[in-house]
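Observations on chain architecture
Now for the letters of each chain:
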Amino acid sequence: MRHTSPDSPASPVYEFDTVVDRHGTWCTQWDYVEDRFGVPDLLPFTISDMDFETAPEVLTALRARLDHGVLGYSRWRHDDFLSAIVDWYAARHDTPVDPRSIVYGPSVIYQVGQLLRLWSRPGDGVVAHAPTYDAFPKTVAAHERRLLTCSLGDWAELERLLSLPDTSVLLLCSPHNPTGHVWTSAELERMAELCARHDVAVISDEIHSDLAHPPAVHRPWALHAGSGTRWAVVTSASKSFNIPALTGSYGIVGDPGSRDAYLRRLKEADGLSSPAVLSVVGHIAAYREGGAWLDALGTYLRGNLSYVAQRLAEAFPELGWPPPEAGYLAWIDLRPLGVDEEALQRELVERQRVAIMPGTAYGAAGHVRLNVGCPRSKVERGVSALIDGVRAIR
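Residues numbered from 1 in each chain as written. Predicted model: local features only at pLDDT ≥ 70, side-chain atom pairs only at ≥ 80, totals over all residues. Heavy atoms only, no water.

With that settled, consider the pattern of salt bridges. Working definition: two side chains of opposite charge can pair if their charged atoms are close together. This structure, assessed with the given rule, holds 15 salt bridges. Of the charged contacts, one joins D98 and R100 as a salt bridge, the two residues approaching to 2.8 Å between their closest N and O atoms. Residue D98 is classed as partly exposed on the basis of its relative accessible area, which comes to 32%. For D166, the salt bridge identified is with R146, shortest N-O distance 2.5 Å. Of this pair, D166 sits in the loop between α7 (155-163) and β7 (167-173) while R146 is found in strand β6 (residues 146-151), placing the two residues 20 residues apart along the sequence. Residue classification places D166 among the partly exposed residues on the basis of a relative accessible area of 30%. Salt bridges linked by common partners bring R22, D49, D51 and K378 together as one network. (Salt bridge = Lys/Arg side-chain N within 4 Å of Asp/Glu carboxyl O. Buried < 20%, exposed > 50% of the residue type's maximum accessible area, 1.4 Å probe, protein only. Helix = DSSP H or I, 4+ residues; strand = E, 2+ residues; numbered from the N terminus.)

This is how it looks when you write it as structure tokens:
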């Protein structure tokens, strides 16, 4: 499938059907699938990165920087980086961002951990929605906090947890991973009001924000923070432009005192104030020149997700599976089929030879998470394997 902009015949053309062999590149998803599934050489639909080359505009910028030849210490606090972020938020999310509010981090999860240390104490409760992105429980536990979860849409339980005297932080995933739910303005405003009422800080992981599928519209937490000072958006171009191996992320932190404290720890405690220069280059190129590629990617991903929905509707109409509102992770509830998750995983691994994430990894038995950020030919093989696997054990 080739993608061109309908606006102009001279618009860029991007190719997403091309299969890129990732074997032998120290690739977590392909080369190290045995680490999680116990078996090598499975066809993987697991880690949330994509099998596509990043935008050619990003690759051109990276090559130019490498051609310079000197890779010394560098900085992130300059207009090239900051204005690229500010302009991206204005154009893509209709959100004004004060460049002074931006901070750098080597990863989104690093930022989450540092902000947890700033805004909570060991033993405090940290609230997150379930099912839960699997890095959240690990990070919360590693910082000696307690993870408190409530189901999506259970507002009564959310308020109960936020009202507990030792609850300090709401750890929000927006859009939500693994379900792909895009929070509405009304939902975000309701959460902001509850957090303000109970004096709870908010850390909003918005790394999937550029991959919302119309008509869904991502609304950054920065638009809903109100008068609360203890809030942060933590994000990166790594998911939307498939550059996580470059490392690097950035945050928007509402309170100047918290920003200063965060940056002191980044520099003085952890020695990480000099960024990965290729990450800085990649972010600037993505946000300045990669918009057309990202739009084409979104169209291709929606086609993949529609294909999954069509195949599942034909095979198991009782599922009534709707594609996610954001991202490339198909979160599929198999409970209406009465499928035993352990038996299904054995079938998928041993006979179908595919690796598909089980729902238990996110605290939700009876589900699977299928990564469709890949050429359609691979999606077809994955969906066929899932359907055949379910049929084999029913």
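Still more ground to cover, so stick around.
What follows is about the packing of helix α3 (residues 56-68) against helix α10 (residues 277-289). Their axes nearest at 8 Å, the elements α3 and α10 cross at an angle of 145°. The two elements α3 and α10 meet at a crossing, and its hand is right-handed. Residues E57, V58, A61, L62, R65 and L66 of α3 form the contact with α10, whose own contacting residues are V277, L278, V281, G282, A285, A286 and E289. Of the residues assigned to the contact of α3 with α10, the class counts are nine nonpolar, one polar and three charged. (Axes fitted to C-alpha atoms, helices over the stretch in contact; angles between N-to-C directions. Left-handed = near helix turned anticlockwise from the far one by under 90°. Contact = heavy atoms within 4.5 Å. Nonpolar A, V, L, I, M, F, W, Y, C, P; charged D, E, K, R; others polar.)

Attention shifts here to the environment of Y14. With respect to the helices and strands, the residue Y14 is situated in strand β2 (residues 13-15). In this structure Y14 comes out as buried when scored by relative accessible area, which is 5%. Taking the C-alpha atoms as reference points, Y14 and A292, 278 residues apart in sequence, are found 9.1 Å from one another. Within the structure, the side chain of Y14 is placed 2.7 Å from the side chain of E57, a separation counted as a polar contact. (Polar contact = N/O pair within 3.5 Å; in protein donor to acceptor, adjacent residues only side chain to side chain.)

This part takes up α3. The first and last C-alpha atoms of α3 sit 19 Å apart over 13 residues, in line with the 18 Å expected at 1.5 Å per residue. Those residues of α3 lying buried are E57, V58 and L62. Each buried residue of α3 sits inside an arc of 135° when the element is viewed along its axis, so together they form one side. Exposed side of α3, more than 90 degrees from the buried face: T60, R63 and D67 are the residues found there. On its buried side, α3 packs onto β2, α10 and α11 (291-315). One or two residues past the end of α3 sits G69, with phi positive at roughly 95°. (Expected span 1.5 Å × (residues − 1). Arc of directions from axis to C-beta.)

Most peptide bonds are trans, and most residues other than glycine sit at a negative phi. Of the consecutive residues S174 and P175, the connecting peptide bond is found in the cis state with omega at -5°. Mapped onto the elements, P175 comes out in the loop between β7 and α8 (185-197). The phi dihedral of D41 is positive, around 60°, even though this residue is not glycine. Tracing the backbone through its elements, the reader meets D41 in the loop between α2 (33-37) and β3 (43-45). Since its relative accessible area comes to 63%, D41 is described here as exposed. One non-glycine residue, E144, lies in positive phi territory at about 60°. Topologically, E144 is positioned in the loop between α6 (135-142) and β6.

Taken in spatial order, the four strands line up as β3-β12-β13-β11 in an open sheet, and their pairing is mixed. Looking along the sheet, the strands with just one partner apiece sit at the ends: β3 and β11 (329-333). If you compare each strand with its neighbour and ignore which way they point, the axes differ by 35° on average. Pairing analysis gives two bridges linking strand β12 (residues 354-358) to strand β13 (residues 367-371), with the strands arranged antiparallel. Pairing of P358 across the sheet is with V368, part of β13. Here helix α12 (residues 341-352) sits on the sheet and contacts β12 and β13; the angle it forms with β12, its principal contact strand, is near 160°. (Pairing = 2+ DSSP bridges.)

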